[in-house]
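What the coordinates show
Residues per chain, in single letters:
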Amino acid sequence: VQLVESGGGLVQSGGSLRLSCAASGFTVSRYDMSWYRQAPGKERELVAAITSAGGRTNYADSVKGRFTISRDNAKNTVYLQMNSLKPEDTAVYYCNARWPYGLIDYWGQGTQVTVSS
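Per chain, residues are indexed from 1 in the order of the written sequence. Totals for whole chains, interfaces and linings use every residue, but because this is a predicted model, local features are given only for residues with pLDDT of at least 70 and side-chain atom pairs only at 80 or more, for both listing and counting. The side-chain quantities take in all heavy atoms of the structure and omit both hydrogens and water.

A word on the state of the cysteines
Note on disulfides: each one is a pair of cysteine sulfur atoms within 2.5 Å. This structure, assessed with the given rule, holds 1 disulfide. Linked covalently through their sulfurs, cysteine 21 and cysteine 95 form a disulfide whose S-S length is 2.0 Å. Handedness of the cysteine 21-cysteine 95 disulfide follows from its S-S torsion of about -80 degrees: it is left-handed. Here the residue cysteine 21 occupies a position in strand 3 (residues 17-24), and cysteine 95 occupies one in strand 9 (residues 91-98), the gap between them amounting to 74 residues. Each helix corresponds to a stretch of at least 4 residues labelled H or I by DSSP, and each strand to a stretch of at least 2 residues labelled E; elements are numbered beginning at the N terminus.

Description of the pattern of salt bridges
Side-chain pairs of opposite charge can arise whenever the charged atoms involved come near each other. What makes a salt bridge here is a side-chain nitrogen of Lys or Arg within 4 Å of a carboxyl oxygen of Asp or Glu, nothing more. A full pass over the atoms with the stated rule returns 5 salt bridges. Taking the shortest distance from any N to any O, the salt bridge between aspartate 89 and arginine 66 comes out at 2.8 Å. Taken as a pair, aspartate 89 in the loop between strand 8 (77-82) and strand 9 and arginine 66 in the loop between strand 6 (57-59) and strand 7 (67-72) lie far apart in primary sequence, 23 residues in all. With respect to burial, aspartate 89 and arginine 66 carry one shared label: buried. Here aspartate 105 ties to arginine 98 by a salt bridge, and the two come within 3.2 Å at their closest N and O atoms. Connected through salt bridges with shared partners, the residues Arg37, Glu45, Arg66 and Asp89 form a single ionic network. Only protein chains enter the calculation, and the probe is 1.4 Å; a residue is then buried if its accessible area is under 20% of its type maximum, exposed if over 50%, and partly exposed in between.

Structural notes on the side chain of serine 34
Residue position: serine 34 is located in strand 4 (residues 32-38). The exposure class of serine 34 is buried, given its relative accessible area of 9%. Contact criterion: two residues are considered in contact whenever any of their non-hydrogen atoms come within 4.5 Å of each other. When residues no more than four places from it in sequence are discounted, the contact partners of serine 34 are Leu46, Ala48, Ala49, Ile69, Tyr94, Cys95 and Asn96.

Structure representation (structure tokens):
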């Protein structure tokens, strides 16, 4: 089982990035998938999530209207489209997969996003 994030980098304030989370060893459509982030000196926080059943999404208030989580079942990949980026979005972004019935929780290695002012 593996989650591999990609797409991070350095971008100017107001710019966009798209993060990808490619899964292997399990099917993302059967798991609740989420993106978290952790800035230096801060706790890891939930950014966006999409449910296995129904594909319902939810977002942190700080990213609503700017970030979009989506899932491509054919590619077994989850994405996070990030627009209108701000310096406070700077963090390591992690992909998470959680079995909706509990007990199984997978994490990726993280990808750095840095937004310059």
